[in-house]
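Here is how the chains run, residue by residue.
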Amino acid sequence: MESIKIVTKLDFKTLKYCNLFIMKYRRKTYLFYIILSVLSLGVVFADIFYFKSKYLAILSGLYIIYLIYQIFSVEAKLDQNLARFFSNRPVTTQTLEINEDNIMLYRANDLDNPIEFDWSFITEILEIPQYYMLMAGKTPIIVDRSDEAVLTGSQEALTALVNSKAETKPHKKVDFDIAKRPITFVHPEFPFEDVQEVESTVMGEADNDAAVEAEKEQSEPNNEDAE
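The structure displayed is predicted, hence computed values, not measured ones.

Novice: Sorry if this is basic, but what is going on with the side chain of K16 here?
Specialist: With respect to the helices, strands and loops of the structure, K16 is situated in helix α1 (residues 12-26). Polar side-chain contacts of K16 include one of 3.1 Å to the side chain of D79. Aside from chain neighbours lying at most four places away, what touches K16 is E75, L78, D79, L82, A179, R181 and I183.

Printed below as a string of structure tokens:
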């Protein structure tokens, strides 16, 4: 089988979809807040009917309102963080050459030194209509699924290859659009001499308050996590 070559733009859209998927379905951020809300509701009933303390019940009720706000603001906060992240950073690309044996990652500013990921390093395959995320331990290798991203081969061939690999690895797949807010962000233009590489970014801890930071693990395979 010939290699499939795909170019992925690491822009606002790409990082939003990939971070949102990981927060919703891998880190289960929403589930975390729902569990806290249910526990807090139990505290409210205990305060009212057992401890007979309306003040504690009010405090618990306010905490539940805060948690509900957190649930419904996850995507909005992600959009804000990404907008800040790209306000002073250019969009870069990465090119992936994928075949039955390995994945070669070429970064835009270092095409002569690709990073090789053997398929044995891929511990999990995440899939949404727009992208594949091939997890090498904690490192996401993002693959654009649009026809425009194909340099050689086809998306049909890529799908067949990923599906065959997914038979032997954990595989999470979502068939619908996970983003509820439209993407309206416009990337600012930067002078050519100021362009620096931007790595793939994964954001969003359980509290969704951490700022965006570049994904350092993208620079090399994580053998320890892949074992």
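After that view, the rundown keeps rolling.
Novice: Just checking my understanding: could you explain the pattern of salt bridges for this structure?
Specialist: A pair can form between side chains of opposite charge whenever their charged atoms are brought close. A full pass over the atoms with the stated rule returns nine salt bridges. Among the salt bridges present, the one from K173 reaches D175, with a minimum N-O distance of 3.8 Å.

Novice: Is there a simple way to explain the sheet that holds strand β8 (residues 150-152) in this structure?
Specialist: What holds strands together in a sheet is hydrogen bonding between their backbones, with the strands either parallel or antiparallel. The strand order β4-β3-β2-β1-β8 describes an open sheet built from five strands, whose pairing is antiparallel. The two strands at the open ends of the sheet, each matched to only one other strand, are β4 (110-118) and β8. Averaged over all pairs of adjacent strands, the angle between their axes in this sheet comes to 25 degrees, without regard to strand direction. Two strands pair when backbone bridges link them, and strand β2 (residues 93-98) and strand β3 (residues 102-107) are joined in this way by five bridges, in the antiparallel orientation. Of the residues in β3, the one forming a bridge with L96 is L105. Lying on the sheet, helix α4 (residues 155-166) is in contact with β1 (4-9), β2 and β8; it crosses β1 at an angle near 100 degrees.

Novice: Please explain the environment of P90 as it appears in this structure.
Specialist: Positionally, P90 belongs in the loop between α3 (54-86) and β2. Taking C-alpha positions, P90 is 9.4 Å from L10, a pair spaced 80 residues apart along the chain.

Novice: Mind showing me how you'd approach the nonpolar core here?
Specialist: Within soluble globular proteins, side chains that are nonpolar tend to cluster in buried spots. Of all hydrophobic cores here, the largest spans 23 residues; its most connected members are F21, I128, M133 and I142. At eight residues, the largest contribution of residues to this core is made by α1. With residues near it in sequence (within four places) discarded, M133 still touches C18, F21, E124, I125, L126, I128, I141 and I142. One finds I98, I103, L105 and L134 within the second-largest nonpolar core, a separate group that totals 22 residues.

Novice: How should the layout of surface pockets be read in this particular structure?
Specialist: Space left empty within the atom packing is revealed by a probe, the size of a water molecule, rolled over the atoms. A volume near 160 Å³ is recorded for the second largest pocket. Partitioning the lining of the second largest pocket into residue classes produces three nonpolar, three polar and five charged.

Novice: So what exactly am I meant to see when it comes to the sheet that holds strand β9 (residues 171-173) here?
Specialist: Overall, mixed pairing links the four strands, which are arranged β7-β6-β5-β9 in an open sheet. Of all the strands in the sheet, the pair left with one neighbour each is β7 (139-144) and β9. With strand direction ignored, the average angle separating the axes of adjacent strands in the sheet is 15 degrees. Relative to β7, strand β6 (residues 131-136) runs antiparallel, the two being bridged by six bridges. Looking at the pairing, L134 lines up with I141 of β7. Across the sheet, α4 is in contact with β5 (124-127), β6, β7 and β9; its angle to β5 comes to roughly 135 degrees.

What counts and how
- Residues numbered from 1 in each chain as written.
- Predicted model: local features only at pLDDT ≥ 70, side-chain atom pairs only at ≥ 80, totals over all residues.
- Heavy atoms only, no water.
- Helix = DSSP H or I, 4+ residues; strand = E, 2+ residues; numbered from the N terminus.
- Polar contact = N/O pair within 3.5 Å; in protein donor to acceptor, adjacent residues only side chain to side chain.
- Contact = heavy atoms within 4.5 Å.
- Salt bridge = Lys/Arg side-chain N within 4 Å of Asp/Glu carboxyl O.
- Pairing = 2+ DSSP bridges.
- Axes fitted to C-alpha atoms, helices over the stretch in contact; angles between N-to-C directions.
- Core = buried A, V, L, I, M, F, W, Y, C linked by side-chain atoms within 4.5 Å.
- Buried < 20%, exposed > 50% of the residue type's maximum accessible area, 1.4 Å probe, protein only.
- 1 Å grid on protein atoms, 1.4 Å probe; cavity = no way out; pocket = protein on both sides within 12 Å on 5 of 7 lines; lining within 4 Å.
- Points joined across faces, edges and corners; volume = space filled by probe spheres on them.
- Nonpolar A, V, L, I, M, F, W, Y, C, P; charged D, E, K, R; others polar.

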